[in-house]
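# Close look at the chain arrangement
Spelled out, the chains give:
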Amino acid sequence: MNRLTGRRLTAATLTVVALATGTTACSSGGSSSAQGDDSGTYTVWDPYPQFAKDSAWAKLLDDCGTKAGVKVKRTAFDTSDLTNKVLLAAQQDNSPDVLIVDNPVVSTLAESGVLTTTDDNKLDTSKVDPNLLAAGQSGGKTYGTPIGANTLALYYNKKVLKTAGVDIASIKDWTSLTAALEKVKKAGKKGITFSAIGTEEGSFQFLPWFWGAGAKLTRLDSAEGVSALSLWTDWLKKDYAPNSVINNTQTTSWQEFASGDYAFAENGTWQLANAEKAGFDYGVLPIPASGGGNAAAPTGGEFVTVPVQGDTGRYATTRKLVTCLTSTENLHATDTTLSYVAPTTEVQDKQVAENAELKPWVEAVKAAKGRTSDDLGTKYPKISEQMWKAVQSALSGTKSPKDALTSAQSAVK
């Protein structure tokens, strides 16, 4: 992700709108400013300020309001200040009826007591893929439903691989991927680029390898975690990956791949439009796990949530609005507009039927995992910070992978 919380696919073959992504919103209710001027007006807060009043997204909100027999008052916030506005609204008993918020923030809002659970609001989440739903779960309870998802995978340059004599079908695990990088280097080309910058972006890109080794975020210094960091450090030592990854954002790492010299780039669905413009044939491969199969990559995307209201009688109509927004028919249209992979198998199948290029992304999303899953909730940011610091230390040669992760685990404790 370019902004780690919620990326969107931007395939040129889709009818897409380039969106900046979302963050937070909040709870409670009673005051007319957030909830509208009367009980027949329901408020929706979203992180999509790019969508004007005449956009397909705004029209969908209005249509869902009409079907529920109410008027929808939509307010779009910039992602940088949505969270604070939501928390303030909750304190003032002035929350929106529907809040669309970046998935890593859901647990923060839930722990602050500003969101209702699906047990409270009676939302049906039975069709949602469990791994995507987990991003909105905390303490054994579910807070909302995902509107869509995106994640990371490996882009590859077909010409570079052909020159190096690499068959993409042979890459099934870390051993075969590393062997491919060796062949690429011997052919005079560059191997793989990624982002290992000392921010959440670096953690986001390291997670597929960390999880792909079988490691858990509650134990950064496990043997599995050390093996993942050793993979990256070995790639740098052997010149399979450039030293620039230490400072690369996902944007600058993409620019390296777009030069046409690299065989692989770890990046997200949001680069699909740029991939179409790159001027060379490319493919997409889900990130392999250490021993084979697809590694879990972190999910981006928003959740549709229902904030706590002082007037609990509003929930029944709010449920109609959310159900309309996330129905099979509307999810397909919405996720095409937002450039997301849908959160249900039924809609994913429709997306792939219309655009076969989305198949590897659907596979990657199927294997993906929320960063706050496993009941980490608000513990995740601290763990992530120590993780990216460990990655920086190991890649720069300051510490061995084992020592770097041991220090990280001690700092988390």
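Please refer to the structure placed before this passage.
Here we summarise the structure given alongside this text. (Residues numbered from 1 in each chain as written. Predicted model: local features only at pLDDT ≥ 70, side-chain atom pairs only at ≥ 80, totals over all residues. Heavy atoms only, no water.)

Right, let's get into helix α15 (residues 345-354). Along α15, the positions that sit buried rather than exposed are Val347, Gln348 and Gln351. An end-on view of α15 places all buried positions within 105 degrees of arc, on one side of the element. Exposed side chains of α15 directed beyond 90 degrees from the buried face belong to Asp349 and Ala353. (Buried < 20%, exposed > 50% of the residue type's maximum accessible area, 1.4 Å probe, protein only. Helix = DSSP H or I, 4+ residues; strand = E, 2+ residues; numbered from the N terminus. Arc of directions from axis to C-beta.)

According to the stated counting rule, one finds one disulfide in the structure shown. Between the sulfur of Cys64 and that of Cys324 lies a disulfide, 2.1 Å long from S to S. Its torsion about the S-S bond being -75 degrees, the disulfide of Cys64 and Cys324 is classed as left-handed. Placement of Cys64 in helix α2 (residues 56-68) and of Cys324 in helix α13 (residues 315-325) is noted, with a sequence separation of 260 residues between them. Considered together, Cys64 and Cys324 belong to a single accessibility category, that of buried residues. (Disulfide = S-S within 2.5 Å.)

This part covers the sheet that holds strand β8 (residues 190-193). Across the sheet, which stays open at both edges, the four strands sit in the order β8-β9-β7-β10 with mixed pairing between neighbours. On the outer flanks of this sheet lie β8 and β10 (282-285), each paired with one strand and no other. Pairs of neighbouring strands in the sheet enclose a mean axial angle of 20 degrees, with direction left out of account. As defined by bridge partners, strand β7 (residues 152-157) adjoins β10 across four bridges and the pair is classed as antiparallel. Its bridge partner lying in β10, Asn157 is registered against Tyr282. (Pairing = 2+ DSSP bridges. Axes fitted to C-alpha atoms, helices over the stretch in contact; angles between N-to-C directions.)

Our focus in this paragraph is the nonpolar core. One finds Phe194, Trp209, Phe210, Leu217, Trp232, Trp235 and Phe264 to be the most contacted residues of the largest nonpolar core, which totals 57 residues. Counting residues per element, the ones that place at least two in this core are β7, α7 (158-164), α8 (174-186), α9 (200-212), α10 (223-237), β9 (262-268), α17 (380-395) and α18 (401-412). Those residues in contact with Leu217, other than ones at most four positions away along the chain, are Leu207, Phe210, Trp211, Arg371, Leu376, Tyr380, Ile383 and Met387. One finds Val44, Tyr48, Cys64 and Val72 within the second-largest nonpolar core, a separate group that totals 27 residues. (Core = buried A, V, L, I, M, F, W, Y, C linked by side-chain atoms within 4.5 Å. Contact = heavy atoms within 4.5 Å.)

As a packed pair, α2 and α13 sit with axes 9 Å apart at the nearest point and diverge in direction by 135 degrees. One way to sum up the angle between α2 and α13 is to call them oblique. As α2 runs across α13, the sense of the crossing is right-handed. Contact with α2, carried on its side by Trp57, Leu60, Leu61, Cys64, Gly65, Lys67 and Ala68, involves Thr317, Lys320, Leu321, Cys324 and Leu325 of α13 and no other residues of that element. Classifying every residue of the contact of α2 with α13 gives eight nonpolar, two polar and two charged. (Parallel < 35°, antiparallel > 145°, perpendicular 65-115°, else oblique. Left-handed = near helix turned anticlockwise from the far one by under 90°. Nonpolar A, V, L, I, M, F, W, Y, C, P; charged D, E, K, R; others polar.)

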